[in-house]
Amino acid sequence: VSVFLNAGGRNQTAPLLYGWMHEDISHSGDGGIYGEALVNRAFQGSGATIGALPGVPGSSVVSSENPILPWGPVITGWQGIGSVDLSLTLLHPLSDALRVALQVDIPFNATGEVGILNEGWWGMDVRPGTYNASFYILSDKPRNNGSLSHIDLSLRSNLTSDIWATTSIPFSNGTNISSFEWTQYSAQLENTVRAPNSNNTFAITFDASEVAGNTYYFDLVSLFPETFHDRPNGIRRDLGQAIVDLGTKVLRFPGGNNLEGYSIEQRWKWNETIGPLRYRRGRVGDWGYTNTNGLGLMEYLQFCEDGGIEPVLAVYAGYSLDIWGQDGVSFPEDRMGDVLQDILNELEFVTGDISTPYGALRASYGHPEPFSLNYVEIGNEDWFSSTYPYRFPILYNGIKQAYPNITLISTAYNENANYNISIPAGGMWDTHHYEEPSFFLESFDYWDNWQEATNNEGVTIFVGEYSVFQIDTPDGVVNFSMPLGEHIFFPTLMAAIGEGVYLLGAERNPNVVKMSSYAPSLLNLNWQNWTPDLVAFTADYDQTVLSASYYMEQMFALHRGAETLPVTTVQGTFDPLWWVATAEQGDGVVYFKVINSGNSSVPLTVDFDRTFSAVNGTILTHPDLGAFNYLDNATAVSPAPITNLPAIAAGQTAFTWAVPAWSINVLEFEMG
Ligand code: AHR
């Protein structure tokens, strides 16, 4: 293949092209990016734990199915220390939202250390740093004469007698825990050690000689390690960093299906995800487990602000899924005004200044400045619903009227919906593709002239969910029951190549494709709702696995360039080589991204209309097209410098190299 790059006729690249999609699926929110280290902190229920994950000490696996658990309080994740009895009670609600408390009965004959411990989200990472602990406690009127001198908090091993860090909350002589009202106590644990594994616990303990015969109630027990940008109630630091490190420019949240709910009542209600945690009820998420809503609207927006990421806020659009797999349920047309009003309230909360009621509410929760919000997505995958044709225009027009500068994104378009709906110019369409590799290769030119060909002048695209979901099959139909042998559980090199070709097609159409994000993004290896995912993780920060697809996207995102360069094909055609060229502003650097989807190397010549003085390259490849990254081989498919690039002489304008089989490459030319 031989191509010619020249300087003229450029387009700007899409500045937000590479992004991230987040919803709480596969415990990627609670037990994932939400920094809370304790499972079931307010006894709202959590996932059951069955069995152990191979290679992950102390882990447990639920199921790769979509488990539907009963909504209800459980003690999962908690154990007593010493001879205490644990039970749940409704007698002393912490708030209308958190009505269940843990009752800890300490027998009269108790001796030594007594208390409770929490096992974390299938374990707990313990490493040097500050841990912020807090809990609400209430006492029954003490039945003995003792009085409390201290309560101890500690991080400890669940396997050995090691105690990694400890602190005490002192009580002056004669005081006791209130028996009239809940009191919140908090303390910091300064930890200096790295525990050898994540099988650790957080314990709250008493000296039995001071409390034997007493009963204590606990609720909203919380432990935060240091978070991304040190935010209280913030994001797990390493996972937040992984999102930013990809080069993420845009974040879509909070769903996905998890926005919609398995009934109208169970939808993600923005106003129940804000304010003090004590008043956040939580909900049964769409992926079969409790969402505490600790990771709420403001936490997402704060993360975007800290990470320099543009938020795409998906708003509830009056349609919920159905838990039993039947058609979903929609607000009737004459009730859509309620849905619109709720969205307008939400947008005022996000963007209103403090003179507005919801802006003032946001300010009272610690963010007086309005958040920046330029993109709102109306619903999720509404091609499943026959009611979008009346819901979309009502919401589109109503939001547009109040917020003319916000770009609105439709989730359904004629192509894959059963009805006709048009997206006004200036709007966007969110497409979703879970497909086979050949679909993506064949879609390389899908966006070429798309607006003209489809009569969508002025409409642009957010490729909001995509992944190579299974290998190529004879009928090309994706099987969501994920049969062994066909389904891709962890992104393989083959998947990254297919997705990469599709993304190159997006990159060379910056007037059409403005954003993209792989989905789902994060997988807690202890709870698999959906595979494949971009990043897999456990409680142990050192076990986070970045996939081949992550690395491909990162290579592209970090070398997006400011402008596309026209490329003339002198000899050969696309397939098996696929390419796009971009330049940084000022012309100092040209990026040539090239993928070889074939099984043998292909000679490539790139001729420039100018001289270049150096070339560097990064390659993602592996001898096995099915290779993937996993716990025991986390960097099997990871980027490496290209070591066999030709030496460059002064005044050179032509570059020749053989592109290795099954490889994704970014060549970086220093011009001049
Ligand atoms: O990404 C997983 C799910 O796939 C999303 O929740 C939904 O939008 C899509 O069907």
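**Q** Explain empty space enclosed by the protein to me, please; I cannot follow it from the model alone.
**A** Under the criterion given, the structure shown has six cavities of 30 Å³ or more. The calculated volume of the largest cavity comes to roughly 170 Å³. Forming the walls of the largest cavity are 17 residues, and the residues nearest its centre are E36, A37, R236, A539 and Y541. Classifying every residue of the lining of the largest cavity gives eight nonpolar, six polar and three charged. Residue assignment places the lining of the largest cavity across two domains, with domain 2 (24-35 + 228-424) and domain 3 (78-224) each supplying three or more. Roughly 80 Å³ of volume is contained in the second largest cavity.

**Q** Mind showing me how you'd approach the nonpolar core here?
**A** One recurring pattern in soluble globular proteins: nonpolar side chains tend to sit buried together. Ranked by internal contacts, the top residues of the largest apolar core, which has 114 residues, are L297 and F556. Broken down by element, the residue count for this core peaks at ten residues, all from helix α11 (residues 493-507). Apart from the residues lying within four places of it in its own chain, the contact partners of L297 are F253, W268, W270, T273, I274, L313, E346, F349 and V350. Ranked by size, the runner-up nonpolar core spans 41 residues in total, among them I106, I116, A208 and L223.

**Q** Explanation requested: the site of the ligand in the structure shown.
**A** Around the ligand, the neighbouring residues are E23, G256, N257, W287, N380, E381, Y434, E465, A519, P520 and W530. A distance of 2.9 Å separates an oxygen atom of the ligand from a polar atom in the backbone of N257. At a separation of 3.2 Å, an oxygen atom of the ligand approaches a polar side-chain atom of N380. Out of a free accessible area of 280 Å², the ligand has 94% covered by protein chains. A per-class count over the shell around the ligand returns five nonpolar, three polar and three charged.

**Q** I keep staring at helix α6 (residues 336-351) and nothing clicks. Help me out?
**A** An α-helical turn contains 3.6 residues, so any two residues separated by three or four positions project in the same direction. The first and last C-alpha atoms of α6 sit 22 Å apart over 16 residues, in line with the 22 Å expected at 1.5 Å per residue. Tucked into the core, α6 has its buried residues touching α5 (297-307), β17 (310-315), α7 (357-364), β20 (375-378) and α8 (388-402).

**Q** In this structure, what is going on with the pattern of salt bridges? I would like to understand it.
**A** Pairing is possible between side chains that carry opposite charge, provided their charged atoms lie close to one another. Enumeration over the complete set of coordinates arrives at 24 salt bridges. The salt bridge partner of E465 is R252, with a shortest N-O separation of 3.0 Å. You can see E465 sitting in strand β23 (residues 460-468) and its partner R252 sitting in strand β14 (residues 250-253), a full 213 residues away along the chain. Residue classification places E465 among the buried residues on the basis of a relative accessible area of 5%. With a relative accessible area of 0%, R252 lands in the buried category. The network of salt bridges with shared partners includes D125, R127, R194, D540 and D542.

**Q** Looking at this structure, how should I read the domain arrangement of the protein chain?
**A** A common way to state how big an interface is: give the accessible area lost once the parts meet. If you check the domain split of the protein chain, you get domain 1 (2-14 + 562-671), domain 2 (24-35 + 228-424) and domain 3 (78-224). The distance between the C-alpha centroids of domain 1 and domain 2 comes to 38 Å.

**Q** Can you walk me through the sheet that holds strand β3 (residues 18-21) in this structure?
**A** Neighbouring strands of a sheet are bound in pairs by backbone hydrogen bonds; such pairs are parallel or else antiparallel. Taken together, the eight strands give a closed barrel; going around it, the order is β3-β14-β17-β20-β21-β22-β23-β24, and neighbouring strands pair in parallel fashion. Within this sheet the neighbouring strands show an average axis-to-axis angle of 25°, counted without direction. Looking at chain direction, strand β21 (residues 407-410) and strand β22 (residues 428-435) are connected through two bridges and run parallel. Each bridged residue has a counterpart across the sheet, and for S410 the counterpart in β22 is W429. Contacts from α11 reach β3, β22, β23 and β24 (513-518), with the element oriented near 170° to β23. Contacts between helix α12 (residues 548-557) and the sheet are confined to β3, β23 and β24, with β3 contributing the most and set at about 145° to the helix.

**Q** Can you help me understand α8 in this one?
**A** Look at α8: 21 Å from first C-alpha to last across 15 residues, which is about the 21 Å you get at 1.5 Å a residue. Among the residues making up α8, those that are buried are Y388, R391, F392, L395, Y396, G398 and I399. Looking at the buried residues of α8, the elements they touch are β18 (319-320), β19 (329-330), α6, β20 and β21.

**Q** Even after reading the chapter, I still don't get the sheet that holds strand β27 (residues 545-546), so can you show me in this structure?
**A** Across the sheet, which stays open at both edges, the three strands sit in the order β25-β26-β27 with mixed pairing between neighbours. Every interior strand has two partners, whereas the edge strands, β25 (522-524) and β27, have only one. Sheet analysis places strand β26 (residues 535-537) next to β27, joined by two bridges and oriented antiparallel. Each bridged residue has a counterpart across the sheet, and for A536 the counterpart in β27 is V545.

**Q** For this particular structure, what's the right way to read unusual backbone geometry?
**A** P254 follows F253 through a cis peptide bond whose omega is 0°. Along the chain, P254 falls in the loop between β14 and α4 (257-260). Each neighbour pair has its own omega, and for D575 with P576 the value is 10°, a cis peptide bond. By the element assignment, P576 lies in the loop between β29 (567-571) and β30 (577-583). For N293, which is not glycine, the phi dihedral falls at a positive 65°. Mapped onto the elements of the fold, N293 is located in the loop between β16 (290-291) and α5. Judged by relative accessible area, N293 falls into the buried class, the value being 3%. The phi dihedral of W662 is positive, around 45°, even though this residue is not glycine. Within the secondary structure layout, W662 lies in the loop between β34 (652-659) and β35 (663-671).

**Q** How should I be thinking about the packing of α11 against α12 in this particular structure?
**A** Each pair of packed helices can be described by the angle between their axes along with the distance between the axes. Look at α11 against α12: their axes get within 8 Å of each other, and the N-to-C directions meet at 30°. Viewed along their axes, α11 and α12 adopt a mutual orientation that is roughly parallel. The way α11 lies across α12 gives a crossing that is right-handed. Residues L493, A495, A496, E499, G500, L503, L504 and E507 of α11 lie in contact with α12, whose contacting residues are A548, S549, M552, E553 and F556. For the contact of α11 with α12, the residue count by class is eight nonpolar, two polar and three charged.

**Q** How should the pairing of β20 be read in this particular structure?
**A** Where burial is concerned, the two faces of β20 agree: the one with Y375 and E377 and the one with V376 and I378 are both buried. The parallel pair β20 and β21, bridged by α8, forms a crossover whose chirality is right-handed.

**Q** Can you walk me through the packing of α6 against α8 in this structure?
**A** Two elements in contact, α6 and α8, have axes whose closest approach is 10 Å; the angle formed by their N-to-C orientations is 35°. In this structure, α6 meets α8 at a crossing whose hand is right-handed. Of the residues in α8, those touching α6 at M336, V339, L340, I343, L344 and L347 are Y390, R391, I394, L395, G398, I399 and A402.

**Q** Any chance you could explain the pairing of strand β10 (residues 163-170) here in plain terms?
**A** On a regular strand, each side chain points to the face opposite its neighbour's, so the side chains alternate between the two faces of the sheet. For strand β9 (residues 150-157) and β10, the ladder comprises seven bridges, and the chain directions are antiparallel. Each bridged residue has a counterpart across the sheet, and for L153 the counterpart in β10 is T167. What sits between the antiparallel neighbours β9 and β10 is a turn of five residues.

**Q** When you look at the packing of aromatic side chains in this model, what are you seeing that I'm missing?
**A** Inspection of the entire model under this criterion finds 46 aromatic pairs. Ring plane angle 90° and centroid distance 5.3 Å describe the contact between F439 and F440, whose orientation is recorded as edge-to-face. Judged by its relative accessible area of 0%, F440 falls in the buried class. Between the NZ or CZ atom of R267 and the centre of the ring of Y316, over which it lies, the distance is 5.2 Å. A cation sits over an aromatic face here: K593 above F556, 5.9 Å from the ring centre.

About the cut-offs
- Residues numbered from 1 in each chain as written.
- Predicted model: local features only at pLDDT ≥ 70, side-chain atom pairs only at ≥ 80, totals over all residues.
- Heavy atoms only, no water.
- 1 Å grid on protein atoms, 1.4 Å probe; cavity = no way out; pocket = protein on both sides within 12 Å on 5 of 7 lines; lining within 4 Å.
- Points joined across faces, edges and corners; volume = space filled by probe spheres on them.
- Nonpolar A, V, L, I, M, F, W, Y, C, P; charged D, E, K, R; others polar.
- Domains from an automatic or database assignment.
- Core = buried A, V, L, I, M, F, W, Y, C linked by side-chain atoms within 4.5 Å.
- Buried < 20%, exposed > 50% of the residue type's maximum accessible area, 1.4 Å probe, protein only.
- Helix = DSSP H or I, 4+ residues; strand = E, 2+ residues; numbered from the N terminus.
- Contact = heavy atoms within 4.5 Å.
- Near = heavy atom within 4 Å.
- Polar contact = N/O pair within 3.5 Å; in protein donor to acceptor, adjacent residues only side chain to side chain.
- Areas by Shrake-Rupley, 256 points an atom, 1.4 Å probe, with all protein chains shown as cover.
- Expected span 1.5 Å × (residues − 1).
- Salt bridge = Lys/Arg side-chain N within 4 Å of Asp/Glu carboxyl O.
- Pairing = 2+ DSSP bridges.
- Axes fitted to C-alpha atoms, helices over the stretch in contact; angles between N-to-C directions.
- Parallel < 35°, antiparallel > 145°, perpendicular 65-115°, else oblique.
- Left-handed = near helix turned anticlockwise from the far one by under 90°.
- Right-handed = clockwise from strand over helix to strand, strands pointing away.
- Phe/Tyr/Trp six-rings, centres within 6.5 Å; stacked < 30°, edge-to-face > 60°.
- Lys NZ or Arg CZ within 6 Å of the ring centre and 35° of its normal.

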